[in-house]
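# A structural walkthrough
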Amino acid sequence: MAGGGRRPRCPPGALLSLAAVLAAAGWVRAEQKEEQSIDLIGKNEVYGDTRHEVNVYVKVFTNSPFLVCMDLALSQERIIDPNYLWTGPDGRDLQGQSYVNLTETGKLMVMGFMVSMSGAYTCTLSHKVIETTTQEETEMVEAYKFMVYAYREADHAYQVSVRFSTTGCRLRSNGLFIEVLKKILNSTISHLTCHITESSSKCHSIRTPKNGLQYELFVNFLVNPFAPGWEEVCHEVLYDCEAVKNRRVRQVLCQSPHVFSASLARTSALASADMTGSNPSLPRFCGINIAAERIGKFFHQLRHVLKHKFQAVPTIQYVDNSFSMTPIDSCQPGFGKNHHTHQNCASCCVVCGPGAYSPNNEVTCRTCARTRARMYGAKSCY
């Protein structure tokens, strides 16, 4: 385990704060119209097609496959005096560019693929055909177009549902409780660059066979991986922020923390340190998975606090086993999913194309109504 040796845990100070209120009131893909053989895909090569453009999907900060300036049938023939001309999305010749690997046989690899590199890559192949009997030479020209898109793996937000029993649905303390709950949960996970969004609650009366009429608060909220500050954290690394997050989630430090028992008796100074996330052994950007685990542990501990730390029974009680979390796909700003346009990468968060944008962690790109975004990966139409 890295750092100081303590595992991350839900701040006992946060639990006691909420209880006091109660007492008072987580490779590259190619698409063609005709499927290629698995053997050719395995060679990290994608062939062109003169009949239509070929879609290629490259994960950000990785190298593209080799784009081959010919179709599969032509690759099996002898080609006389071939000449290859590759142009990028801006229409410029790619020969000599530092970010491409261009072979003498006309294969192109784009290295360290970034969002801004998305677009149309076109190769013009010229070669000769010599008539056997007359030796007459004919110049042949064919064009191949590859639409290359940056993509990311989908991130996970978590839909959280939990229930609390209360003494009535019209109590002012119900609303106060929800607000305090949201603030404490946000403070518990904020240093992981996650936050609580789309919170809602509704009170219902429930008749039970044994206890008659009871009242319960049904609380729902979303744990969002893109809290304010996540971009600044990403800028601290020179490579894929997504890879950093996923790797840290897999570290031992990011595994499920111990179930708290004696921790509730810790000093207020320690609780305060835990609330601010000041433990130097904790990574600042550990990921949505840990945030979800901490919230789960929070409610587990809340049940313990309410049952054992107060002489008077609070008016609002956590309903045992009511806590549940459901993962929901989300995409980073500038990316989205489209099952129709990108059928061969339907599960990917593909960069928004020109004329579309995504300002937040929604799953789809929006279409610009008037002012049109002219670049890939736009976060707004302006």
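Description of the structure in this document. (Residues numbered from 1 in each chain as written. Predicted model: local features only at pLDDT ≥ 70, side-chain atom pairs only at ≥ 80, totals over all residues. Heavy atoms only, no water.)

### Regarding the pattern of salt bridges
- Taken as a whole and assessed by the stated rule, the structure comprises nine salt bridges.
- A salt bridge links lysine 107 to glutamate 45; its shortest N-O distance comes to 2.6 Å. Taken together, the residues span a long stretch of sequence, with lysine 107 in strand β7 (residues 107–110) and glutamate 45 in strand β2 (residues 45–47) at a distance of 62 residues.
- Here lysine 107 falls in the partly exposed class, since its relative accessible area comes to 22%.
- For glutamate 362, the salt bridge goes to arginine 366, with nearest N and O atoms at 2.6 Å.
- The exposure class assigned to glutamate 362 is partly exposed, which follows from its relative accessible area of 28%.
- Look at arginine 366 and you get partly exposed, because its relative accessible area is 33%. (Salt bridge = Lys/Arg side-chain N within 4 Å of Asp/Glu carboxyl O. Helix = DSSP H or I, 4+ residues; strand = E, 2+ residues; numbered from the N terminus. Buried < 20%, exposed > 50% of the residue type's maximum accessible area, 1.4 Å probe, protein only.)

### Looking at the sheet that holds strand β4 (residues 66–68)
- Read from one edge of the open sheet, four strands run β2-β4-β7-β6, paired in mixed fashion. Both outer strands of the open sheet, β2 and β6 (100–102), are each paired with one neighbouring strand and no more. Ignoring which end each strand starts from, the neighbouring axes of this sheet average 25° apart. (Pairing = 2+ DSSP bridges. Axes fitted to C-alpha atoms, helices over the stretch in contact; angles between N-to-C directions.)

### Focus: the side chain of serine 126
- Take serine 126: it is sitting in strand β8 (residues 119–130).
- Setting aside its immediate chain neighbours within four residues, serine 126 contacts Asp81, Pro82, Asn83, Glu139, Met140 and Val141. (Contact = heavy atoms within 4.5 Å.)

### Observations regarding the state of the cysteines
- All told, the structure shown has six disulfides when counted by the stated rule.
- Note on cysteine connectivity: cysteine 345 is disulfide-linked to cysteine 348, with sulfurs 1.9 Å apart. The S-S bond linking cysteine 345 to cysteine 348 shows a torsion near -85°; that makes this disulfide left-handed. Neither cysteine 345 nor cysteine 348 differs from the other in exposure class; each is buried.
- Between the sulfur atoms of cysteine 368 and its disulfide mate cysteine 381 the distance is 1.9 Å. One quick way to see it: the torsion about the S-S bond of cysteine 368 and cysteine 381 is about -100°, and its sign makes the bridge left-handed. (Disulfide = S-S within 2.5 Å.)

### Let's talk about the environment of glutamate 142
- Mapped onto the secondary structure, glutamate 142 falls in strand β9 (residues 137–152).
- Through-space distance from the C-alpha of glutamate 142 to that of aspartate 49 is 9.5 Å; in sequence the pair is 93 residues apart.
- Apart from the residues lying within four places of it in its own chain, the contact partners of glutamate 142 are Thr50, Leu74, Cys123, Thr124, Leu125 and His127.
- Polar side-chain contacts of glutamate 142 include one of 3.2 Å to the side chain of histidine 127. (Polar contact = N/O pair within 3.5 Å; in protein donor to acceptor, adjacent residues only side chain to side chain.)

### Notes on the environment of arginine 92
- Relative to the helices and strands, arginine 92 is located in the loop between β5 (80–87) and β6.
- Look at arginine 92 and you get exposed, because its relative accessible area is 61%.
- Each C-alpha atom of the pair arginine 92 and tyrosine 121 lies 10.0 Å from the other, and the pair is 29 residues apart in sequence.
- With residues up to four places along the chain from it excluded, the contact list for arginine 92 reads Trp86 and Thr87.

### Description of empty space enclosed by the protein
- Considered as a void within the structure, the second largest cavity measures approximately 50 Å³ in volume.
- Of all the secondary structure elements, the ones that give two or more residues to the lining of the second largest cavity are α3 (172–189), β11 (195–208) and β12 (212–224).
- Looking at the lining of the second largest cavity element by element, the count peaks at four residues for α3.
- For the lining of the second largest cavity, the per-class residue count stands at six nonpolar, one polar and one charged. (1 Å grid on protein atoms, 1.4 Å probe; cavity = no way out; pocket = protein on both sides within 12 Å on 5 of 7 lines; lining within 4 Å. Points joined across faces, edges and corners; volume = space filled by probe spheres on them. Nonpolar A, V, L, I, M, F, W, Y, C, P; charged D, E, K, R; others polar.)

Nothing here speaks to function; it is geometry throughout.
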